[in-house]
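Now for the letters of each chain:
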Amino acid sequence: MGGSVGLALRGLGWHVIGDDSNVASVQRGIELGAFDEWVDLSAQTEPLVVDLTVVAVPVLSVPAVVLDVLRKTTGLVTDLGSVKALVAEAVKDPRFIGGHPMAGSEQDGIDGSSASMFQGRTWVLTPTNDTDSNAFTYLHTVIASLGALVVSIPADRHDEIVAVTSHVPHMVAAALMRLATAGAEEHAAFLRLAAGGFRDMTRVAAGHPAIWLDICATNRIAIVDVLDAFSHEIAALRAMVVNTERESLEKWLIDARVARLNLPVGAPPPEELVEFRIPIPDRPGFIAEVSTLASELGVNIFDIELSHSLETSGGGVLIAIVAKSKADLLRGGLVARKFRVSVAALGEQ
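Residues numbered from 1 in each chain as written. Predicted model: local features only at pLDDT ≥ 70, side-chain atom pairs only at ≥ 80, totals over all residues. Heavy atoms only, no water.

Visitor: Tell me about the overall build of the protein chain, residues and numbers included.
Guide: In terms of helices and strands, the protein chain carries 12 helices and 11 strands. Computed over its C-alpha atoms, the radius of gyration of the protein chain comes to 22 Å, within 12% of the 20 Å expected for a compact globule of 349 residues. In terms of principal-axis extent, the alpha carbons of the protein chain reach across some 75 × 50 × 35 Å. Relative to its 349 residues, the protein chain shows a buried fraction of 38%. (Helix = DSSP H or I, 4+ residues; strand = E, 2+ residues; numbered from the N terminus. Rg over C-alpha atoms; globule rule 2.2 N^0.38 Å. Buried < 20%, exposed > 50% of the residue type's maximum accessible area, 1.4 Å probe, protein only.)

Written out as structure tokens, the structure is:
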């Protein structure tokens, strides 16, 4: 993941420095074009002057590494871990914003890097009341430049959601693979008959096991809750099959199909976008409040910036770009929270 960020940023003209406890990994990253150079951060006697530091380490190590990086660098710091509450509880610094790109592959290490890994993929940010608004908008812009769709939600809510959308699916894929392997021991042709759907569902089971040990340890409660709910769903499915409940089974399958077809896709064309202008109130946590509200309402903010102005009481205006179809929903949510909002089609004065 870290190598992919490096490749993508270098493709946009960034100068990217790499550091790792495994020097060979950084050297390989330089060979692959993910990094321009290696800098041993532990040997720095003064903070390293950089714009952005991206921490890409196993989730159990993220809090300690983030705190160390905040001491040893300037600029903004984010991470790529798939569990966010752990680091949110440990790090209270306006320069840090937790992040999780919902991307990746089953390939291990720096050799699995890809400059296009984040194109069209969701990248979650978890701002808090401590988050600096300028830092958030800057990071949002950087991530969007990599082709990702930015979604902002609270750290604990993120962990609940990814237990459903990422963590448990990986465990289910592993369970299916174990089941298939057991069958293959009795029937030599079993795995040869594995169809495309089976291969698609179990692809993630080829991922490195070590990272999943940390994920299960740090997001244990949410994962167990989802496993319990999944067990209940499978039990209900089993009952429908055992009792030949055709109508119930058909509805169950139709509901799943409709939900799958309604999964969100990429950004709409410019003519389908509107601009929200929101005077910044004089209170902390403004950027986190607006961005997480949008995500909870299912509204994607495709671009965001702060427009500083002496004419506004809070010192600036937040400009957010969203789809027309979601504009009324977001406006209603903001007005209910006492924000002043103006909305116009993109490009209108």
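Visitor: I'd love a proper account of helix 12 (residues 324–336), names of residues and values included.
Guide: Compared with an ideal rise of 1.5 Å per residue, which puts 13 residues at 18 Å, helix 12 spans 19 Å between its outermost C-alpha atoms and is within 8% of the ideal. For helix 12, the full list of buried residues reads Ala327, Leu330, Gly333 and Leu334. All buried residues of helix 12 project into a common sector of 140 degrees when viewed along the axis, lining one side. Facing away from the buried side of helix 12 by more than 90 degrees, the exposed set consists of Ser325, Asp328 and Ala336. Among the structural elements, strand 8 (273–279), helix 11 (286–296) and strand 10 (316–323) are those in contact with the buried residues of helix 12. Lys338 lies just past helix 12 and shows a positive phi near 70 degrees. (Expected span 1.5 Å × (residues − 1). Arc of directions from axis to C-beta. Contact = heavy atoms within 4.5 Å.)

Visitor: Lay out helix 5 (residues 133–145) with the relevant residues and their values.
Guide: With 13 residues, helix 5 extends 19 Å from end C-alpha to end C-alpha; this agrees with the ideal 18 Å at 1.5 Å per step. The residue sitting at the N-terminus of helix 5 and contributing the capping side-chain oxygen is Asp132; that oxygen lies 3.1 Å from the backbone nitrogen of Asn134. The positive-phi residue at the C-terminal boundary of helix 5 is Gly147, with phi of around 90 degrees. (Polar contact = N/O pair within 3.5 Å; in protein donor to acceptor, adjacent residues only side chain to side chain.)

Visitor: Outline the pairing of strand 10, listing residues and values.
Guide: By the criterion of burial, strand 10 is predominantly enclosed, with 8 of the 8 residues buried. The two faces of strand 10 match: Gly316, Leu318, Ala320 and Val322 on one face and Val317, Ile319, Ile321 and Ala323 on the other face are all buried. Across 7 bridges, strand 8 lies against strand 10 in antiparallel orientation. Opposite Leu273, over in strand 10, you have Ala323 as the bridge partner. (Pairing = 2+ DSSP bridges.)

Visitor: For the pattern of salt bridges, give the residues involved together with the corresponding values.
Guide: Scanning the entire structure with this criterion turns up 10 salt bridges. With its nearest N and O atoms 3.4 Å apart, the salt bridge here joins Asp68 to Arg71. Taken together, the positions of Asp68 and Arg71, both in helix 3 (residues 62–72) and 3 residues apart, correspond to about one turn of that helix. Judged by relative accessible area, Asp68 falls into the partly exposed class, the value being 24%. Owing to a relative accessible area of 57%, Arg71 belongs among the exposed residues under this scheme. A salt bridge links Glu275 to Arg277; the nearest nitrogen and oxygen atoms lie 2.9 Å apart. Residue classification places Arg277 among the partly exposed positions, given a relative accessible area of 36%. Here the salt bridges do not stand alone but share partners, grouping Arg28, Glu31 and Asp111 into one network. (Salt bridge = Lys/Arg side-chain N within 4 Å of Asp/Glu carboxyl O.)

Visitor: Please give an account of the packing of aromatic side chains that cites residues and values.
Guide: With the rule as written, the count across this model stands at 2 aromatic pairs. Between the aromatic rings of Phe118 and Trp123, the centroid separation amounts to 4.9 Å while the plane-to-plane angle is 50 degrees, which identifies the pairing as tilted. Residues Phe118 and Trp123 agree in their burial class; the two are buried. (Phe/Tyr/Trp six-rings, centres within 6.5 Å; stacked < 30°, edge-to-face > 60°.)

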